[in-house]
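Close look at the chain arrangement
Below are the chains, spelled out letter by letter.
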Amino acid sequence: MPNRFIVEADGGSRGNPGPAGYGAVVLDAVTGEALAEAAEYIGTATNNVAEYKGLIAGLEAAHALDPDAEVQVRMDSKLVVEQMSGRWKIKHPDMKPLAARAQRAFPAGRVSYQWIPREKNKHADRLANEAMDAGKAGRQWEPSLSSADRGTTGVAAALEVPAAEPLAEPKAAPVGWAAPADLGAPTTFVLLRHGETALTPEKRFSGSGGSDPELSPAGRRQAEAAAAALAARGTIQAIVTSPMRRCRETAEAIAGRLGLDVRVEEGLREADFGAWEGLTFAEVRERFPADLDAWLASTKAAPTGGGESFATVARRVSLSRDKLLARYAGRTVLLVTHVTPIKTLVRLALGAPPESLFRMELSAASLSAVAYYADGNASLRLLNETSHLR
């Protein structure tokens, strides 16, 4: 019998739009025990954006605990409940990509929605207010009690790590050529950035909150070139992709050449760039200078309009990394994903500071690789390889 979870989620904005945050808790449906919490200050946003963000965080936390569970979502937002239940149309352009992300976060057939009055959603409401209070104080939310005090362990405890502290940083022991032979074969992630879209040559922000563009003709050629190169190497044993269209199209081109199936991993999607989606850096600088400066200065800062901070992406990518390492232990796996997840995996493997995200170049359809050893160490094997495109 599958696990049954209850996700309670909420979001709020002090000004609507104004300083906003969300909170979510995953409960065991039988015992009522709190298994995981999530909360985040998201900058300036509306109530509805914050509520959707809370829903997404709650579903992602439930998915990390058990992707095969049955989930009942309880929220005091009539709008979100009715829209996600399919009874109300989603008309506002800001809500459509958020609803799509929520639908991807957990298989729709195993999720039901129930409206509850505000007084019965106190846990999630408290978390959302804690997140907004933290944002007002210039910091990100962190649990008010330790995981030991809460009695949580395993994945639930890991989900309570503050967003600014990515999970499972590599140990300092020597790796690579110096790794002991008795560790066995490492698990190797070959990291492929998707091929170009129409937005790529124009250097426009293109994350998971935008239009989800397809590969351009140039991008399809790049995908085929990557497929030929990987087929020649003959080492790929499995393919996992971001759910975004450009990655799925790239992965499918390679899977066809290698004769492998493609598995979709939600956590590998690109960051949500909020109101910056589709804009160039110069356009963002002109329209949102203060928000851009904050984003460049801190991984805790989110793009304008409720996008994801790099700290949030790091936590999401870390959870996916650990899940995939457990699933594919000792194998070589192709991960087809985006700039931010790849840079995050590289940064965590190196134990590099957060500002290193801005100091890496990753071309479209480039290959990188990280090997992970049984003792928890990691070794960067390749970065931004593009010889197959020449």
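Our structure is the block above this text.
Residues numbered from 1 in each chain as written. Predicted model: local features only at pLDDT ≥ 70, side-chain atom pairs only at ≥ 80, totals over all residues. Heavy atoms only, no water.

So, on to the overall build of the chain. Counting its secondary structure elements, the chain contains 12 helices and 11 strands. Across the chain, every contact between residues at least 6 apart in sequence was considered, and the portion connecting residues at least 24 apart equals 71%. Total accessible area on the chain is roughly 16500 Å²; 51% of this is exposed by carbon and sulfur atoms. (Helix = DSSP H or I, 4+ residues; strand = E, 2+ residues; numbered from the N terminus. Contact = heavy atoms within 4.5 Å. Areas by Shrake-Rupley, 256 points an atom, 1.4 Å probe, with all protein chains shown as cover.)

Turning to the sheet that holds strand 2 (residues 18-28), a few remarks are in order. Strand order across the open sheet formed by 5 strands is 3-2-1-4-5, with mixed pairing between neighbours. Strands with a single pairing partner mark the edges of an open sheet, and in this sheet they are strand 3 (34-45) and strand 5 (111-115). Neighbour-to-neighbour, the strand axes of this sheet turn through a mean angle of 20°, independent of strand direction. Where strand 1 (residues 4-13) meets strand 2, 9 bridges bridge the pair, whose relative direction is antiparallel. Following the sheet pairing, Glu-8 is matched in strand 2 by Val-25. Its contacts with the sheet put helix 1 (residues 47-65) on strand 1, strand 2, strand 3, strand 4 (70-75) and strand 5, and the angle it makes with strand 1 is roughly 155°. (Pairing = 2+ DSSP bridges. Axes fitted to C-alpha atoms, helices over the stretch in contact; angles between N-to-C directions.)

Judged by nonpolar contacts, the single largest core of 36 residues is most densely connected at Tyr-52, Leu-55, Leu-59, Val-71, Val-73, Met-84 and Tyr-113. The set of elements that each furnish at least two residues to this core consists of strand 1, strand 2, strand 3, helix 1, strand 4, helix 2 (78-84), helix 3 (95-105) and strand 5. The biggest single contributor to this core is helix 1, with 9 residues. In this structure Leu-55 touches Ala-9, Val-73, Met-75, Val-80, Met-84, Ala-102 and Tyr-113, once residues within four positions along its chain are discounted. (Core = buried A, V, L, I, M, F, W, Y, C linked by side-chain atoms within 4.5 Å. Buried < 20%, exposed > 50% of the residue type's maximum accessible area, 1.4 Å probe, protein only.)

Bringing the packing of helix 1 against helix 3 into the picture now. Running from amino to carboxyl end, helix 1 crosses helix 3 at an angle of 15°, the nearest separation of the two axes being 9 Å. Classified by the angle between their axes, helix 1 and helix 3 sit roughly parallel to one another. Here helix 1 runs over helix 3; the crossing is left-handed. Along its contact with helix 1, which presents Asn-48, Val-49, Tyr-52, Lys-53, Leu-55, Ile-56, Leu-59, Glu-60 and His-63, the element helix 3 presents Met-95, Leu-98, Ala-99, Arg-101, Ala-102 and Ala-105. Here the contact of helix 1 with helix 3 is built from residues that sort into 10 nonpolar, 2 polar and 3 charged. (Parallel < 35°, antiparallel > 145°, perpendicular 65-115°, else oblique. Left-handed = near helix turned anticlockwise from the far one by under 90°. Nonpolar A, V, L, I, M, F, W, Y, C, P; charged D, E, K, R; others polar.)

Read from one edge of the open sheet, 6 strands run 8-7-9-6-10-11, paired in mixed fashion. Looking at which strands have only one partner, the edges of the open sheet turn out to be strand 8 (262-264) and strand 11 (378-385). Neighbour to neighbour, the strand axes of the sheet diverge by 20° on average, direction disregarded. Across 6 bridges, strand 6 (residues 187-193) lies against strand 9 (residues 332-337) in parallel orientation. In the strand pairing of strand 9, Leu-192 is matched with Val-336. Sheet contacts for helix 12 (residues 339-350): strand 6, strand 9, strand 10 (367-372) and strand 11; angle to strand 6, the most-contacted strand, approximately 145°.

Before going further, it helps to spend a moment on the pairing of strand 2. With 9 of 11 residues buried, strand 2 lies mostly within the body of the structure. Between strand 1 and strand 2, which pair antiparallel and follow one another directly, the connecting turn spans 4 residues, one of which, Gly-15, has a positive phi of 145°. Hairpin connection from strand 2 to strand 3: 5 residues lie between these consecutive antiparallel strands, with Gly-32 at a positive phi of about 80°.

With that out of the way, let us pick up the packing of aromatic side chains. Aromatic rings considered in pairs are described by the distance between their centres and by the relative angle of their planes. On inspection of all chains with the given rule, the structure shows 9 aromatic pairs. Taking the centre distance of 5.9 Å and the plane angle of 70° together, the rings of Phe-205 and Trp-295 count as edge-to-face. Separated by 90 residues along the polypeptide, Phe-205 in the loop between strand 6 and helix 7 (217-233) and Trp-295 in helix 10 (residues 289-297) bring together distant segments of the chain. Under the relative-accessibility criterion, Phe-205 is labelled buried at 11%. The exposure class of Trp-295 is buried, given its relative accessible area of 6%. Ring-pair connections join several aromatic residues into one group, and the members of that group are Phe-205, Phe-273, Trp-276, Trp-295, Phe-310 and Phe-358. (Phe/Tyr/Trp six-rings, centres within 6.5 Å; stacked < 30°, edge-to-face > 60°.)

Our next topic: the pattern of salt bridges. Counted under the stated rule, the structure contains 24 salt bridges. Between Glu-37 and Arg-126 there is a salt bridge, with the nearest N and O atoms lying 3.8 Å from each other. Separated by 89 residues along the polypeptide, Glu-37 in strand 3 and Arg-126 in helix 4 (residues 122-136) bring together distant segments of the chain. What makes Glu-37 buried here is its relative accessible area of 2%. Notably, a salt bridge pairs Asp-272 with Arg-101, separated by 3.1 Å at the nearest N-O pair. Taken together, the positions of Asp-272 in the loop between strand 8 and helix 9 (281-287) and Arg-101 in helix 3 put the pair 171 residues apart, joining distant regions of the chain. Judged by relative accessible area, Asp-272 falls into the buried class, the value being 5%. By relative accessible area, which is 3% here, Arg-101 ends up buried. One salt-bridge network, in which partners are shared between bridges, spans Lys-53, Glu-60, Arg-101, Arg-104, Glu-266, Arg-269, Asp-272, Glu-308 and Arg-316. (Salt bridge = Lys/Arg side-chain N within 4 Å of Asp/Glu carboxyl O.)

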